[in-house]
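Structural overview
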Amino acid sequence: MTTHKKLIAGNWKMNGSLAANEALVTALRQGLAANAPACDIALCAPAPYFAQLQSLLVGSPMALGAQDISAQAQGAFTGEQSAAMLKDFGVRYAIVGHSERRQYHGETDDAVAAKTAAALANGITPIVCVGETLAQREAGQTEEVVKRQLAAVIHVNGHCISEIVVAYEPVWAIGTGKTATPEQAQAVHAVLRAQLHHAASEHAAGIKILYGGSMNAANAAELLAQADIDGGLIGGASLKAPDFLQIISAAAR
Ligand code: PGA
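Throughout what follows, the structure given in this document is the object of discussion.

Topic: the site of the ligand
Taken together, 13 residues are adjacent to the ligand, and Lys13, His98, Glu169, Gly175 and Ser214 come closest. Taken together, the residues of the shell around the ligand sort by class into four nonpolar, seven polar and two charged.

Following this line, the structure appears as structure tokens:
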């Protein structure tokens, strides 16, 4: 059982607008003012809105996060954003290796490890995503897949592995409404915890392992009650203030 504060991170994906972001953050700030959160909170937003969100989040308990980060420091890398650029806007977290980036942008385990290193070197907390596809789960490969994905990150970042956040996101549960059962999720989280323990011994208990994949207001409490589930990475439900606020309250217990 881990004892640290949970982390609830919203992954807005490619959603939002100036008007929608302002309405969402205003509603979240109102909800949190009425009911101070007992967990850490991050909003991982599209990069064009960082400046807007940096100012909307001033004085709030919510931290700004990115959805990706370049492994490179600067130069001829069209379309990428460096860690230093994220830092300019007060970004504190960066999702790394989300399955949508692995799938649509060909991000390999090695690329994910390099991005993790870039985040850590710049004081940004990487939220490193791992997870199996449905075919891999049905073939009994879940453990092997998530361990391989995490091992690549540990291999490159072993010296500061206690600074990362891990997110277990079964690909078949993302955006599908099919959540892993609390028992299924806990089983994989325990595997990841053991792997982290091997890499970081006494620090492993302090590394947050989030669950993601159709976490919502109705199922969050049960998932967050599991021994090795230290928070959530929430897509769809993070775009609706009442739902996200309910997940935040579930993380307080
Ligand atoms: P979902 O997305 O909550 O919409 O399933 C989670 C994620 O992809 O991070």
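Moving on, there is more to tell.
Here's the deal with the pattern of salt bridges
Summed over the entire model, instances satisfying the criterion amount to 13 salt bridges. Two residues, lysine 13 and glutamate 100, come together in a salt bridge whose shortest N-O distance is 2.8 Å. A residue pair is termed long-range when its members are at least 10 positions apart, and lysine 13 in the loop between β1 (7–11) and α1 (18–34) and glutamate 100 in helix α4 (residues 99–104) qualify at 87 residues. On the accessibility criterion, glutamate 100 (24% relative accessible area) is partly exposed. For the salt bridge of arginine 101 with glutamate 107, the shortest nitrogen-to-oxygen distance reads 2.8 Å.

So, the pairing of β1
The buried fraction of β1 amounts to five of the five residues, a majority that puts the element mostly inside the structure. Of the two faces of β1, both are covered, the one formed by Leu7, Ala9 and Asn11 as well as the one formed by Ile8 and Gly10. Here β1 runs beside strand β2 (residues 40–44); their pairing, made up of five bridges, is parallel. Its bridge partner being in β2, asparagine 11 is matched across the sheet by cysteine 44. A crossover links β1 with its parallel partner β2, the connecting element being α1, and its sense is right-handed.

Quick notes on the nonpolar core
Counting residues in each nonpolar core, the largest one holds 66 residues, and the members touching the most others are Ile8, Leu53, Ile164, Val166, Leu192, Leu196 and Tyr211. The leading source of residues in this core is helix α10 (residues 241–250), at six residues. Those residues in contact with isoleucine 164 that lie beyond four places of it in its chain are Thr116, Leu120, Pro126, Val128, Leu150, Val153, Ile207 and Lys208. Membership of the second largest hydrophobic core comes to 13 residues, among which are Ala9, Cys44, Ala63 and Tyr93.

What to know about the packing of helix α5 (residues 109–121) against helix α7 (residues 142–157)
It is at 8 Å that the axes of α5 and α7 come closest, and there the two elements cross at 45°. Regarding the angle of α5 to α7, the classification is oblique. Relative to α7, the crossing made by α5 is right-handed. Of the residues in α7, those touching α5 at Asp109, Val112, Ala113, Thr116, Ala117 and Leu120 are Arg148, Gln149, Ala152, Val153, Val156 and Asn157.

As for the sheet that holds strand β5 (residues 125–130)
Taken in spatial order, the eight strands line up as β1-β2-β3-β4-β5-β6-β7-β8 and close into a barrel, and their pairing is parallel. This sheet shows a mean twist of 25° between the axes of neighbouring strands, independent of strand direction. The sheet strands contacting α5 are β4 (91–96) and β5, and the helix crosses β5 at an angle near 160°. Along the sheet, α10 contacts β1, β2 and β8 (231–234); its crossing angle with β1, the most-contacted strand, is approximately 160°.

Procedures and definitions
Residues numbered from 1 in each chain as written. Predicted model: local features only at pLDDT ≥ 70, side-chain atom pairs only at ≥ 80, totals over all residues. Heavy atoms only, no water. Near = heavy atom within 4 Å. Nonpolar A, V, L, I, M, F, W, Y, C, P; charged D, E, K, R; others polar. Salt bridge = Lys/Arg side-chain N within 4 Å of Asp/Glu carboxyl O. Helix = DSSP H or I, 4+ residues; strand = E, 2+ residues; numbered from the N terminus. Buried < 20%, exposed > 50% of the residue type's maximum accessible area, 1.4 Å probe, protein only. Pairing = 2+ DSSP bridges. Right-handed = clockwise from strand over helix to strand, strands pointing away. Core = buried A, V, L, I, M, F, W, Y, C linked by side-chain atoms within 4.5 Å. Contact = heavy atoms within 4.5 Å. Axes fitted to C-alpha atoms, helices over the stretch in contact; angles between N-to-C directions. Parallel < 35°, antiparallel > 145°, perpendicular 65-115°, else oblique. Left-handed = near helix turned anticlockwise from the far one by under 90°.

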